[in-house]
Amino acid sequence: MPGVREPAGPASPGEVRFNRRRQSIGFVLGPVVFLTLWLLPLPTLPPAAHTLAAILGLMVVLWMTEALPLAITALVGPALAVVLGVAPVRTAFAPFADPIIFLFIGSFMLAESMFVHGLDRRLAYTALASRWVGRSGLRLVLAYAGVAAGLSMWMSNTATTAMLFPLGLAVLAQLGRERRSDAGFGEFALALMLVTSFAASIGGLATPVGTPPNLIGIALLRELGGISISFVSWMLIGVPIMLAMMAFIVVWFLLPRARHVRLSEESRRAVAGELQKLGPVTRGERNVLIAFGVTVAGWVVPGTVAAIFGHAHPLAQRLSAMLPEAVAAILGAMLLFLLPIDWRARQFTLTWDQASRIDWGVVMLFGGGLAMGTMADSTGLSEGLGRWVAAEYPGAGTVGLTMVFTALAILMSEAASNTASANIVVPTAIAVSIAAGVSPLEPALGATIGASMGFMMPVSTPPNAIVYSSGYIPIGKMARHGIALDVAGFFVIVVGVLTLGWIVAA
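Residues numbered from 1 in each chain as written. Predicted model: local features only at pLDDT ≥ 70, side-chain atom pairs only at ≥ 80, totals over all residues. Heavy atoms only, no water.

### Focus: the overall build of the protein chain
Item 1. Looking only at helices and strands, the protein chain has 24 helices and 2 strands in total.
Item 2. Against the 2.2 N^0.38 benchmark of 23 Å for 506 residues, the protein chain shows a C-alpha radius of gyration of 23 Å, consistent with a compact globule.
Item 3. The dimensions of the protein chain, computed from C-alpha atoms along their principal axes, are 75 × 55 × 40 Å.
Item 4. Counting the 506 residues in the protein chain, one finds 55% classified as buried.
Item 5. If you take every contact in the protein chain between residues at least 6 apart in sequence, the share linking residues at least 24 apart comes to 80%.
Item 6. Here the protein chain has roughly 20500 Å² of accessible surface; of this, 67% comes from carbon and sulfur atoms.
Item 7. For the protein chain, the separation between the mean place of its 30 positive charges and that of its 24 negative charges on side chains is 10 Å. (Helix = DSSP H or I, 4+ residues; strand = E, 2+ residues; numbered from the N terminus. Rg over C-alpha atoms; globule rule 2.2 N^0.38 Å. Buried < 20%, exposed > 50% of the residue type's maximum accessible area, 1.4 Å probe, protein only. Contact = heavy atoms within 4.5 Å. Areas by Shrake-Rupley, 256 points an atom, 1.4 Å probe, with all protein chains shown as cover. Lys, Arg positive; Asp, Glu negative; His and termini not counted. Charge placed at Lys NZ, Arg CZ, Asp CG, Glu CD.)

As structure tokens, then:
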């Protein structure tokens with residue numbers, strides 16, 4: 001689930017220099033790209049589409065260089081579209097009230113309530129302190145990876161990593177007192193730290209609310225491609241892809257580095273001690289579970305009924321109309337303000353001060369991306385771009401386009417945020433697919449899921465930056481393992497969407 005906080009840890013001097021250079025390039029290159037595209041003769045495009053192409057060029061540069069905050073860049077596009085006569089103000093900003101925006105808001109509040117009441121920590125520490133883990137280093141990292149992936153299906157990968165990171169450091173501190181000079185300890189520490197980030201990012205693939213690109217892809221496919229994807233349909237595709245990626249991590253990365261490691265009694269006590277600090281389950285935690293359960297039921301039941309009885313069944317149609325995912329999320333979030341912790345004191349599960357701490361920047365970023373995609377469609381820019389690419393590369397077909405846009409999204413996610421990457425690549429995938437005469441479903445799904453990769457560098461994603469700050473991860477090893485995971489992800493995503501896409505189309 002998109003984040004409520006994104007603590008990326010202290011940046012190294014090298015990262016600070018890299019970001020400054022990147023931002024400086026963006027401040028210069030962005031206006032240059034805008035003016036070049038605006039003045040360049042493009043007779044095949046209508047005037048509004050030509051102007052919008054220049055605005056999009058500016059936004060792509062600003063998103064990739066982060067010269068401006070990502071959310072501000074998302075607002076720059078629709079604002080410039082109004083100023084330059086591309087669209088009236090109501091048209092340009094209408095996507096900021098798209099129903100999926102409210103799905104974001106409701107799911108963010110649920111994630112915030114889990115954080116406020118410590119439910120996420122209780123779930124994590126309970127799993128890691130279980131008897132099954134015992135003193136086995138391998139079972140510890142397996143449980144650790146499972147917790148990271150499981151929690152990030154419903155909450156931010158950054159928040160998940162930030163929560164598990166101190167616990168991992170505590171385990172390594174205890175184990176390191178006995179084995180710090182042992183080469184095996186260094187490999188185990190590398191595995192534990194990297195899997196904190198990698199598993200949290202991969203877990204978000206499983207559900208629509210697991211990471212912002214998923215909802216961006218769903219919304220753009222609905223708006224631009226006329227394809228609706230339900231919560232259940234997404235999970236029938238996302239969960240197998242997530243499990244395949246996790247299996248790759250276990251076999252390729254964790255088994256060789258953890259199977260011979262035995263934990264000391266002090267390491268086990270460090271984990272158990274964190275659980276004991278939480279005390280007994282609180283009323284607030286129970287209320288969060290109730291609200292969360294109601295929300296998930298609202299997300300899953302309509303799609304399950306449709307899968308059993310068919311989409312044309314009256315009951316399936318009635319439930320889909322009554323409980324779209326956005327409404328289920330808002331109703332679940334409303335329960336947080338109704339379920340009391342102390343009725344006499346009028347203390348409820350979540351206060352507005354707490355709820356208002358959600359990441360409004362991601363909400364604006366999503367709205368801006370959807371606005372630009374909608375205007376690209378209405379002005380004819382998408383159609384023009386699609387025709388040009390289809391003419392340059394004829395006969396690519398569904399398989400070829402899926403491979404191209406999956407690879408493009410993965411590469412872009414190494415240089416830009418996953419949300420910005422999805423906003424750039426997914427609309428292009430849809431436009432090119434339609435112009436080429438093939439279904440946009442598979443190429444857009446490949447681009448959507450590929451945008452959540454990006455494992456090579458600390459700057460690729462906040463979870464990578466968090467674990468890199470531990471000092472246990474040499475930059476070369478992060479890059480090497482990140483490349484391997486990107487390559488594995490490319491093949492898993494392409495095979496997954498090509499073989500499971502029929503689930504959505506059915």
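### Section: a nonpolar patch on the surface
Item 1. Judged by side-chain polarity, Ile25, Phe27, Val28, Leu29 and Val32 come together as a nonpolar surface patch covering roughly 460 Å² of accessible area.
Item 2. With respect to the secondary-structure elements, isoleucine 25 resides in helix H1 (residues 13–39). (Patch = residues over 30% accessible without salt bridge, like charges linked within 9 Å, V, L, I, M, F, W, Y side chains within 5 Å. Salt bridge = Lys/Arg side-chain N within 4 Å of Asp/Glu carboxyl O.)

### Examining the packing of helix H7 (residues 137–152) against helix H11 (residues 231–258)
Item 1. Between H7 and H11, whose axes approach to 10 Å, the crossing angle comes to 150°. If you check the angle between H7 and H11, you find them roughly antiparallel. Once H7 is placed against H11, the crossing between them reads as right-handed. Only Met246, Val250, Leu254, Leu255 and Ala258 of H11 make contact with H7, whose side of the interface consists of Gly137, Leu138, Val141, Leu142, Ala145 and Ala149.
Item 2. The class makeup of the residues in the contact of H7 with H11 is 10 nonpolar, 1 polar and no charged. (Axes fitted to C-alpha atoms, helices over the stretch in contact; angles between N-to-C directions. Parallel < 35°, antiparallel > 145°, perpendicular 65-115°, else oblique. Left-handed = near helix turned anticlockwise from the far one by under 90°. Nonpolar A, V, L, I, M, F, W, Y, C, P; charged D, E, K, R; others polar.)

### Section: empty space enclosed by the protein
Item 1. Scanning the entire structure with this criterion turns up 1 cavity of 30 Å³ or more.
Item 2. Lining the largest cavity are Asn157, Ala200, Ser201, Gly204, Gly210, Thr211, Asn418 and Ser452.
Item 3. Residue composition of the lining of the largest cavity, by class: 1 nonpolar, 7 polar and no charged. (1 Å grid on protein atoms, 1.4 Å probe; cavity = no way out; pocket = protein on both sides within 12 Å on 5 of 7 lines; lining within 4 Å. Points joined across faces, edges and corners; volume = space filled by probe spheres on them.)

### Some details on the packing of aromatic side chains
Item 1. Throughout the structure, instances matching the rule amount to 14 aromatic pairs.
Item 2. With 5.5 Å between their ring centres and 70° between their planes, phenylalanine 104 and phenylalanine 108 make a pair best called edge-to-face. Placement of the pair is phenylalanine 104 and phenylalanine 108 together in helix H5 (residues 99–117), with a separation of 4 residues, close to one helical turn. Comparing phenylalanine 104 with phenylalanine 108 shows no difference in burial state: the two are buried.
Item 3. Plain terms: the ring middles of tryptophan 154 and phenylalanine 292 are 5.4 Å apart, the flat faces sit at 90° to each other, and that makes the pair edge-to-face. You can see tryptophan 154 sitting in the loop between H7 and helix H8 (157–179) and its partner phenylalanine 292 sitting in helix H13 (residues 283–309), a full 138 residues away along the chain.
Item 4. The class of tryptophan 154 is buried, set by a relative accessible area of 16%.
Item 5. If you follow arginine 121 out to its NZ or CZ, it ends over the ring of phenylalanine 115, 5.9 Å from the centre.
Item 6. Over the face of the ring belonging to tryptophan 343 we find arginine 346, whose NZ or CZ atom lies 4.0 Å from the ring centre. (Phe/Tyr/Trp six-rings, centres within 6.5 Å; stacked < 30°, edge-to-face > 60°. Lys NZ or Arg CZ within 6 Å of the ring centre and 35° of its normal.)

By themselves these figures say nothing about function.
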